[in-house]
Amino acid sequence: MTDDLDVPTSLRTVWVFRVDLPQEALEGFQEEGETGTTPIAEAVGAGPLDPDYYELFDAASILDYGMAAYLTEANGMNPDDVGPDAETLDALTGPVLLLFDAALPEGTARIAPSAPLTLVGRYEEKPRFSVAPPLQSEAAAGVIGDAPADAPQSGRPGSIASLVLVAVIVLAGLLIWAALR
């Protein structure tokens, strides 16, 4: 079993944190300080963060939609992962941080969150497995996979293309000859 603070390498992941700060302090929590880093990055404990891949907001702003639905429907997280925590997630109030793995510096193996962050949970995207149906096109016959036995076999697919190319060249030559006369 993996630890919730480990950074998986296979699926897109989001960590949900409660942020124990007053609403008016959230803007300063994201501003770069004298050290060249942000308080939010220091609190996550993994180095500088890409602000395009985290969300810091008041949970009340999605109260009608619900945090569990926001994670599964709007962000593609696995309902099987989110489901057991749905009641806790939907009961969140105040500032929350959704930290997606893409916000972390490349090669980060683990995060080390500290105050004012409190981990609520880690959730991974729903795996997407799909099998493409076999190709049934005549154009694919004999080229991709096994063609049906009754599929017509073209003896020289390059011959037609070559004839068309020659015809285009001859036509272009005639047009140039006529234009020069």
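Calculation notes
- Residues numbered from 1 in each chain as written.
- Predicted model: local features only at pLDDT ≥ 70, side-chain atom pairs only at ≥ 80, totals over all residues.
- Heavy atoms only, no water.
- Salt bridge = Lys/Arg side-chain N within 4 Å of Asp/Glu carboxyl O.
- Helix = DSSP H or I, 4+ residues; strand = E, 2+ residues; numbered from the N terminus.
- Buried < 20%, exposed > 50% of the residue type's maximum accessible area, 1.4 Å probe, protein only.
- Pairing = 2+ DSSP bridges.
- Axes fitted to C-alpha atoms, helices over the stretch in contact; angles between N-to-C directions.

Asks: Mind laying out the pattern of salt bridges, listing which residues take part and the relevant values?
Replies: Within the structure shown, the criterion is met by 4 salt bridges. For the salt bridge of Arg 110 with Asp 6, the shortest nitrogen-to-oxygen distance reads 2.9 Å. Taken together, the positions of Arg 110 in the loop between strand 3 (95–100) and strand 4 (117–124) and Asp 6 in the segment before strand 1 (13–19) put the pair 104 residues apart, joining distant regions of the chain. Residue Asp 6 is classed as partly exposed on the basis of its relative accessible area of 26%. Arg 12 is the partner of Glu 125 in a salt bridge, and the nearest nitrogen-oxygen pair spans 3.8 Å. Placement of Glu 125 in the loop between strand 4 and helix 6 (157–180) and of Arg 12 in the segment before strand 1 is noted, with a sequence separation of 113 residues between them. Residues joined in a network through salt bridges with shared partners are Asp 3, Asp 6 and Arg 110.

Asks: Talk me through the sheet that holds strand 1; I want residue IDs and the actual numbers.
Replies: The antiparallel open sheet is built from 4 strands, whose spatial order is 2-3-1-4. Both edges of this open sheet fall to strand 2 (54–58) and strand 4, since each of them pairs with a single strand only. Here the strands of the sheet are splayed against their neighbours by 20° on average, with no regard to which way each runs. Sheet topology places strand 1 next to strand 3; 5 bridges connect them, and they run antiparallel. Each bridged residue has a counterpart across the sheet, and for Val 14 the counterpart in strand 3 is Phe 100.

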